[in-house]
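What follows is each chain in one-letter form.
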Amino acid sequence: SAVISQKPSRDICQRGTSLTIQCQVDSQVTMMFWYRQQPGQSLTLIATANQGSEATYESGFVIDKFPISRPNLTFSTLTVSNMSPEDSSIYLCSDTTGADYGYTFGSGTRLTVV
Amino acid sequence: QKEVEQNSGPLSVPEGAIASLNCTYSDRGSQSFFWYRQYSGKSPELIMSIYSNGDKEDGRFTAQLNKASQYVSLLIRDSQPSDSATYLCAVIPSGGSYIPTFGRGTSLIVHP
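Parameters at a glance
- Residues numbered from 1 in each chain as written.
- Chains lettered and ligands numbered in written order.
- Predicted model: local features only at pLDDT ≥ 70, side-chain atom pairs only at ≥ 80, totals over all residues.
- Heavy atoms only, no water.
- Helix = DSSP H or I, 4+ residues; strand = E, 2+ residues; numbered from the N terminus.
- Rg over C-alpha atoms; globule rule 2.2 N^0.38 Å.
- Buried < 20%, exposed > 50% of the residue type's maximum accessible area, 1.4 Å probe, protein only.
- Contact = heavy atoms within 4.5 Å.
- Lys, Arg positive; Asp, Glu negative; His and termini not counted.
- Charge placed at Lys NZ, Arg CZ, Asp CG, Glu CD.
- Buried area = accessible area lost by both parts, 1.4 Å probe.
- Salt bridge = Lys/Arg side-chain N within 4 Å of Asp/Glu carboxyl O.
- Nonpolar A, V, L, I, M, F, W, Y, C, P; charged D, E, K, R; others polar.
- Pairing = 2+ DSSP bridges.
- Axes fitted to C-alpha atoms, helices over the stretch in contact; angles between N-to-C directions.
- Disulfide = S-S within 2.5 Å.

J.: A description of the overall build of chain B should follow, citing residues and the corresponding values.
T.: Secondary structure summary: chain B contains 0 helices and 11 strands in total. Helices and strands in chain B line up, N terminus first, as β-β-β-β-β-β-β-β-β-β-β. Over its C-alpha trace chain B gives a radius of gyration of 13 Å, about what one expects of a compact globule, namely 13 Å for 112 residues. When the backbone C-alpha atoms are referred to their principal axes, chain B occupies close to 45 × 30 × 20 Å. By the burial criterion, 45% of the 112 residues in chain B qualify as buried. Within chain B, contacts between residues at least 6 apart in sequence are counted, and of these 53% link residues at least 24 apart. On chain B, the mean spot of the 9 positive side-chain charges and the mean spot of the 10 negative ones are 5 Å from each other.

What follows is the structure in structure tokens.
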């Protein structure tokens with residue numbers, strides 16, 4: 001399975017600002033995914049990042065709030081825009097290079113908005 | 001809405017015992033099932049996958065799938081304190097998407 005490097009690992013941000021999270025994969029992958037995990041909750045898919053086309057967003061998530069870039073097959077970014085305390089969460093990127101088509105995850109970004 | 005249900009726990013077992021974690025899913029056409037382990041403050045780590053009815057063993061871990069009853073379970077034999085974590089069940093639903101639906105996870109505590 002691929003190794004995904006995700007950064008930053010954590011950040012504390014002021015409300016109204018934006019944070020960009022980066023994920024670098026050590027091999028080319030077709031699809032990358034961005035998840036949010038709030039305390040005590042499961043993983044919620046934000047969007048699927050496709051190389052060369054716009055990301056596909058899940059219900060409840062919009063491009064203006066969570067713009068995603070996928071400039072090539074090894075890299076993707078997620079921006080959390082105009083942050084509020086409700087955006088405090090762990091954000092995870094992943095791909096499908098795990099064994100038997102399971103997912104591999106980045107190490108996560110713990111975001112706190114104050 | 002395709003759902004994956006897990007008991008949030010915590011499930012507490014003594015060291016050396018068998019831990020049994022269960023998961024049910026709503027989409028009868030689901031074909032792929034995964035178990036992830038997530039330590040506190042860490043990202044999920046894939047530990048088992050299963051596609052066919054029956055048991056699949058990997059070391060101390062056994063995944064069990066029963067599609068007729070729509071449940072999948074994970075058994076951990078000879079549980080160790082290092083197994084203490086949250087275990088997430090993930091199911092890829094029918095419909096052609098490879099995107100799994102995750103359960104909320106079961107917290108497992110293995111006490112010495």
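J.: Explain the interface of chain A and chain B to me, using residue names and the numbers behind them.
T.: Between chain A and chain B, the contact holds 19 residues from the first and 17 residues from the second. With both chains or domains summed, chain A and chain B bury close to 1,400 Å², and 57% of this area falls on carbon and sulfur atoms. Run the count over chain A and chain B and you get 0 salt bridges. Contributing elements (two or more residues each) for the side of chain A that touches chain B: β4 (31–37) and β5 (43–50) of chain A. Classifying every residue of the side of chain A that touches chain B gives 9 nonpolar, 8 polar and 2 charged.

J.: Kindly report on the pattern of salt bridges, identifying the contributing residues and their values.
T.: Under the defined criterion, the tally for this structure stands at 4 salt bridges over all chains. The partner of B:Glu45 in a salt bridge is B:Arg37, with the nearest N and O atoms 3.0 Å apart.

J.: Before we move on, can you summarise the sheet that holds strand β1 (residues 4–7) of chain A with the specific residues and values?
T.: Residue and element names in this part refer to chain A. The strand order β1-β3-β8-β7 describes an open sheet built from 4 strands, whose pairing is antiparallel. In the strand order of this sheet, the two ends are held by β1 and β7 (68–72), each with one partner. This sheet shows a mean twist of 15° between the axes of neighbouring strands, independent of strand direction. With 3 bridges joining them, β7 and strand β8 (residues 75–80) adopt antiparallel strand pairing. By the bridge assignment, Asn72 is partnered in β8 with Phe75.

J.: A description of the state of the cysteines should follow, citing residues and the corresponding values.
T.: Residues and elements named next belong to chain A. Counted by the stated rule, this structure contains 2 disulfides over all chains. Each sulfur of the disulfide joining Cys23 and Cys93 lies 1.8 Å from the other. Taking the sign of the S-S torsion, about -90° here, the bridge from Cys23 to Cys93 comes out left-handed. Taken together, the residues span a long stretch of sequence, with Cys23 in strand β3 (residues 19–25) and Cys93 in strand β9 (residues 89–95) at a distance of 70 residues.

Everything listed here is a matter of geometry and, on its own, says nothing about what the molecule does.
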